[in-house]
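# Reading the structure
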Amino acid sequence: MSVTAYRTCPLCEATCGLELTLDESGAVERVRGDADDVFSRGFLCPKGVSIKQLHDDPDRLRTPLRRTANGSFEPCSWEEAFALVAAGLEGVRARGGADAVALYIGNPSAHNMSALLYGRALAKGLGSRNVYSASTVDQYPKQLASALMFGTATTVAVPDLDRTDHLLVLGANPLASNGSLMTAPDVRGRLQAIQARGGKVVVVDPRRSRTARAADEHVPIRPGTDALLLIAMVAVLFEEQLVAPGRLEPLCDGLGELRALAAPFAPERVAAATGIPAPTIRRLARDLGAAERAVVYGRMGTTTQTFGTTASWLVDVLNVLTGNLDRAGGAMFPLPAIGGSNSRGEPGRGRGARTGRWSSRVRGLGEVFGELPVACLAEEIETPGDGQVRALITLAGNPVVSTPNAGRLDGALAALDFMVSVDLYVTETSRHADVILPAPSPLERAHYDLALYGFAIRNVANYSPAVLPIGDGMQDEWRTLLRLVGIAVGQGAGADVDAIDDFVALDVLRRETATAGSPVAGRDPAELLAALAPRRGPERLLDALLRTGPYGEGFGRDPDGLSLAALEAAPHGIDFGALEPRLPDALRTASGRIELTPPQLVADVARLHAALDARAEDGAMVLIGRRDLRSNNSWMHNLPLLVRGPERCTVLVHPDDAARLGLTDGAPARVRSRVGAIELPVEVDDAIMPGVVSIPHGWGHGVDGVGWRVASAHGGANSNVLADELEVDPVSGNAVLNGIPVSLAPA
Ligand SMILES: Nc1nc2c(c(=O)[nH]1)N[C@H]1C(S)=C(S)[C@@H](COP(=O)(O)OP(=O)(O)OC[C@H]3O[C@@H](n4cnc5c(=O)[nH]c(N)nc54)[C@H](O)[C@@H]3O)O[C@H]1N2
Ligand SMILES: Nc1nc2c(c(=O)[nH]1)N[C@H]1C(S)=C(S)[C@@H](COP(=O)(O)OP(=O)(O)OC[C@H]3O[C@@H](n4cnc5c(=O)[nH]c(N)nc54)[C@H](O)[C@@H]3O)O[C@H]1N2
Ligand code: SF4
Ligand SMILES: [Mo]
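Source: prediction; values computed, not measured.

To continue, consider the site of ligand 3. As a structural note, the neighbourhood of ligand 3 is formed by Cys 9, Leu 11, Cys 12, Ala 14, Thr 15, Cys 16, Phe 43, Leu 44, Cys 45, Lys 47, Gly 48 and Asn 178. Here the shell around ligand 3 is composed, by residue class, of eight nonpolar, three polar and one charged.

Printed below as a string of structure tokens:
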């Protein structure tokens, strides 16, 4: 007898429903899309299918590992592992203080309840300024721009794909990535629907990506110049009297200033720098202004570049100016079931964004949302002095592959006094650890998309219990994290995890009951805690958040409202409908208005002026990245299903550049930047614009000491050996991963 289980896929932001068939032994027989999932309706991609191979992967860790005297790893017990971690971290802290221990939190933590709910507790418990994450090689510029304009880092406007008539995409390739800061299963189907209803999709990208091919129009752009294009579009809207913020106009601060800022950037002025003819820029602006319901959407290509925050800001400026912010078919603010920073507390105003409360020790880059830019991590480890980082905790991250100047970071990690990694594998990063604490497979843990529903194009909620019991000798990741919290707060290796968990849960309830407007305002937190029994761990916190959220039952206030029990009874999820207008209530700026001209961003316009006149040398080449449907950053290359077929870690070169540089299709090239060099095969392809080359990130597995054997055999080259850690978006500190100057030669 086989059984069927339903599970939200945790492998990317699309949150597809999976239908798993298991045999009596618990082995996964089949993975299909869940046709009844309220959001994904049966859609899935090759990664979703490979969740079976991930679970069965013999290289996936199933016991803690400790480093031996000769540098290899050996299995050890959990007790031994935590004792080593306590000794290692306490020693470093005794010598160097709290800042000597750094934490790096990687991307899969955004898809993992344990890491989302307890990772912050770990950061808080450590009390270190050296908290880093994959967010500063990713979306922080968008979050910072959103926080400056609307008040909080999670008040991010997402494209209302299902109702728009005109979608302008910059620097995103959702047909490969399945969407980001835009949770939307089956983007291809949704884009086709735009076209089927007579709408238009335009993609601005230096490469004719999958998404660009499927679009009605592809506009190639010089990497790093989106902000110039966008501000020129703003200038056109003002010049041609197409500015029409509509209902939002009385809420907007800075309209007049914006007009003056944009005026010098006429399309004719930015054409040379962007590589886009002025008439095209004018038409893009007019089309956007003319469309009934239009939206501008920017992602990686606009955030991980030198104008990351400024470009992200201008994306939403265009949405506001064309009257498309916060209206159906435009850019809208989701209202997730667990609530969030813009649904709790007093509606319509707040504290606004605060950044730079502290700075990195060596380079002086400012803190953003409690973190320092990961581009600083290597120098913080290598540079002696007070506050030098001497120990590192990595949680679900592979920064040696994912962050700039990977070669330098690799060396820095090798020189640490102590390192512990919580991971599924021995990776390029965790191979440097003294102790590796294994996390269970996705099928062995419950799932709810705490983070991603906050960026979803419909308001949905879906909870999946663990499909399989946790493997022998393994423990829940939240327990592992709370053990680390215990060590961080000085309770040692033997801290009582359940007591800490009670403390965390009570703290959440205490804050909620103290929040004006909460359905439980003024109630007794202890009484609410008792009502959540016998749940504990992430499920207890989730239940508390759901019950107090916007659709919640409010701990008895509305018996028909949402709770975890209600979601348990709905294995295909609950759909709360299309996004609805949320302004002004969702604003949390201090002014209670939409800040169209935040001072930090206005100041960055000076750099845009300089960029107008910057002239690339003849023959200069710049590097950008790319994603492939069967990749997931650095960590799914150990699954045979996802690495079979032709080599994918190649450098794409335009035929004209290949001819000029003497590069041949299939032959190896040496690619060099200020900080490093790699060799990899050339793929001559006219999809990439002249002067630009593209290398996917996430490869470079063929190094000593890693435990993922399939990945190692399909090693590829690590593109972040080329990324320059000194090149950051100065507003956010986010790394520049697109637009890196490189030179190429036959190897
Ligand atoms: N050049 C270049 N660099 C880039 C990018 C780019 O486009 N170009 N993209 C950037 C982006 S957007 C991101 S998000 C980062 C990603 O950067 P990282 O998050 O540092 O890297 P990942 O490759 O996602 O590695 C995730 C690690 O988590 C482990 N893992 C997976 N699931 C779990 C789990 O449930 N628990 C635990 N404890 N561990 C788990 C995996 O085994 C893997 O080792 O890379 C960035 N780097
Ligand atoms: N298959 C797969 N899916 C993934 C991931 C993965 O690794 N593989 N990673 C996940 C993660 S962590 C994230 S953050 C998302 C990212 O999701 P996306 O942002 O959709 O992903 P990318 O494919 O990196 O798309 C970036 C696009 O920007 C273009 N680009 C580069 N530089 C510029 C520029 O200066 N201007 C403009 N306009 N375009 C530019 C690139 O050519 C590329 O097509 O994907 C997620 N989904
Ligand atoms: S699109 Fe993303 S969520 Fe959907 S099956 Fe693929 S990896 Fe999983
Ligand atoms: Mo990402």
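A few words on the domain arrangement of the chain. Under the domain assignment, the chain is made up of domain 1 (3-56), domain 2 (65-134 + 373-578), domain 3 (159-329) and domain 4 (616-746). Look at where the C-alpha atoms of domain 3 and domain 4 centre, and you get two points 27 Å apart. Listed per partner, the contact involves 24 residues of domain 3 and 24 residues of domain 4. Around 1,800 Å² of area is buried between domain 3 and domain 4 when both sides are counted, 56% of it from carbon and sulfur atoms. Taken as a group, Arg 207, Arg 222 and Thr 304 account for 31% of the area that domain 3 buries against domain 4, more than any other trio of residues on that side. In this structure, the connection of domain 3 to domain 4 is made through one salt bridge. In this structure, Asp 686 engages Arg 208 in a salt bridge whose closest nitrogen and oxygen atoms are separated by 3.2 Å. On the surface where domain 3 and domain 4 come into contact, there are seven residue pairs in polar contact (both at pLDDT 80 or more). Listed by contribution, the elements that provide at least two residues to the side of domain 3 that touches domain 4 are helix H6 (174-177), helix H8 (210-214), helix H13 (300-303) and helix H14 (308-321).

In this section: unusual backbone geometry. With an omega of 0 degrees, the peptide bond between Ala 533 and Pro 534 qualifies as cis. On the secondary structure map, Pro 534 appears in the loop between helix H20 (525-532) and helix H21 (537-548). Following Leu 583, the chain continues into Pro 584 via a peptide bond in cis, with omega recorded as 5 degrees. By secondary structure assignment, the location of Pro 584 is in the loop between strand E23 (574-578) and strand E24 (594-595). At Ala 396, a position not held by glycine, the phi torsion is positive, near 55 degrees. Here Ala 396 is to be found in the loop between strand E17 (391-395) and helix H16 (399-402). Although it is not a glycine, Phe 555 adopts a positive phi angle of roughly 50 degrees. Inspection of the secondary structure puts Phe 555 in the loop between H21 and helix H22 (564-568).

Of the residues making up helix H23 (residues 599-613), those classed as buried are Leu 601, Val 602, Asp 604, Val 605, Leu 608, Ala 611 and Leu 612. Residues of H23 that are buried in the fold lie against helix H5 (140-150), helix H9 (226-239), helix H10 (255-262), helix H11 (267-274) and H14.

Around ligand 2 lies a shell of 29 residues, among which Asp 205, Asp 226, Asp 628, Ser 631 and Asn 633 are the nearest. Contact distances for ligand 2 include 3.4 Å between an oxygen atom and a backbone N or O atom of Gly 301. Computed on the free molecule, ligand 2 has an accessible area of 910 Å², of which 98% lies beneath the protein chains in the complex. Elements that contribute at least two residues to the shell around ligand 2 include exactly H6 and H13. Across the shell around ligand 2, the residue classes tally to eleven nonpolar, eleven polar and seven charged. Each of domain 3 (159-329) and domain 4 (616-746) accounts for three or more of the residues forming the shell around ligand 2.

Inspection of the secondary structure assignment puts Asp 226 in helix H9. Of the side chains with opposite charge, Arg 222 lies nearest to the buried Asp 226, which makes no salt bridge, at 11 Å. Engagement of the side chain of Asp 226 in a polar contact is seen with the side chain of Gln 305, the distance being 3.1 Å. Excluding anything up to four places from it in sequence, Asp 226 contacts Leu 170, Val 204, Ile 221, Gly 301, Thr 302, Gln 305 and Ala 311.

Okay, the packing of helix H19 (residues 497-513) against H20 next. At a minimum axis separation of 9 Å, H19 and H20 run at an interaxial angle of 125 degrees. By the angle class used here, H19 and H20 are oblique. In this structure, H19 meets H20 at a crossing whose hand is right-handed. Across the interface between the two elements, Ala 505, Leu 506, Leu 509, Arg 510 and Thr 513 from H19 touch Pro 525, Ala 526, Leu 528, Leu 529 and Leu 532 from H20.

On to the packing of H9 against H14. Put simply, H9 and H14 touch, their axes get as near as 9 Å, and they point 25 degrees apart. Relative to H14, the element H9 lies roughly parallel. Classified by chirality, the crossing of H14 by H9 is left-handed. Listed contacts from H14 to Asp 226, Ala 227, Leu 230, Ile 231, Met 233, Val 234, Leu 237 and Phe 238 of H9 are Thr 310, Ala 311, Leu 314, Val 315, Val 317, Leu 318 and Leu 321. A breakdown of the residues in the contact of H9 with H14 according to their chemical character gives 13 nonpolar, one polar and one charged.

Counted under the stated rule, the structure contains seven aromatic pairs. Look at Tyr 118 and Trp 478: their rings are 6.0 Å apart centre to centre, the planes differ by 25 degrees, and that puts the pair in the stacked class. Taken as a pair, Tyr 118 in helix H4 (residues 113-126) and Trp 478 in helix H18 (residues 477-488) lie far apart in primary sequence, 360 residues in all. In this pair, the class of Tyr 118 matches that of Trp 478, namely buried. Between the aromatic rings of Tyr 425 and Trp 708, the centroid separation amounts to 5.1 Å while the plane-to-plane angle is 40 degrees, which identifies the pairing as tilted. In this pair, Tyr 425 sits in the loop between strand E18 (418-423) and strand E19 (435-438) while Trp 708 sits in the loop between strand E29 (692-694) and helix H26 (709-713), placing the two residues 283 residues apart along the sequence. Taking relative accessible area as the criterion, Tyr 425 reaches 1% and is therefore assigned buried. When the ring centre of Phe 555 is taken as origin, the NZ or CZ atom of Arg 547, which lies over that ring, is 4.9 Å away.

Conventions used here
- Residues numbered from 1 in each chain as written.
- Chains lettered and ligands numbered in written order.
- Predicted model: local features only at pLDDT ≥ 70, side-chain atom pairs only at ≥ 80, totals over all residues.
- Heavy atoms only, no water.
- Near = heavy atom within 4 Å.
- Nonpolar A, V, L, I, M, F, W, Y, C, P; charged D, E, K, R; others polar.
- Domains from an automatic or database assignment.
- Contact = heavy atoms within 4.5 Å.
- Buried area = accessible area lost by both parts, 1.4 Å probe.
- Salt bridge = Lys/Arg side-chain N within 4 Å of Asp/Glu carboxyl O.
- Polar contact = N/O pair within 3.5 Å; in protein donor to acceptor, adjacent residues only side chain to side chain.
- Helix = DSSP H or I, 4+ residues; strand = E, 2+ residues; numbered from the N terminus.
- Buried < 20%, exposed > 50% of the residue type's maximum accessible area, 1.4 Å probe, protein only.
- Areas by Shrake-Rupley, 256 points an atom, 1.4 Å probe, with all protein chains shown as cover.
- Lys, Arg positive; Asp, Glu negative; His and termini not counted.
- Axes fitted to C-alpha atoms, helices over the stretch in contact; angles between N-to-C directions.
- Parallel < 35°, antiparallel > 145°, perpendicular 65-115°, else oblique.
- Left-handed = near helix turned anticlockwise from the far one by under 90°.
- Phe/Tyr/Trp six-rings, centres within 6.5 Å; stacked < 30°, edge-to-face > 60°.
- Lys NZ or Arg CZ within 6 Å of the ring centre and 35° of its normal.

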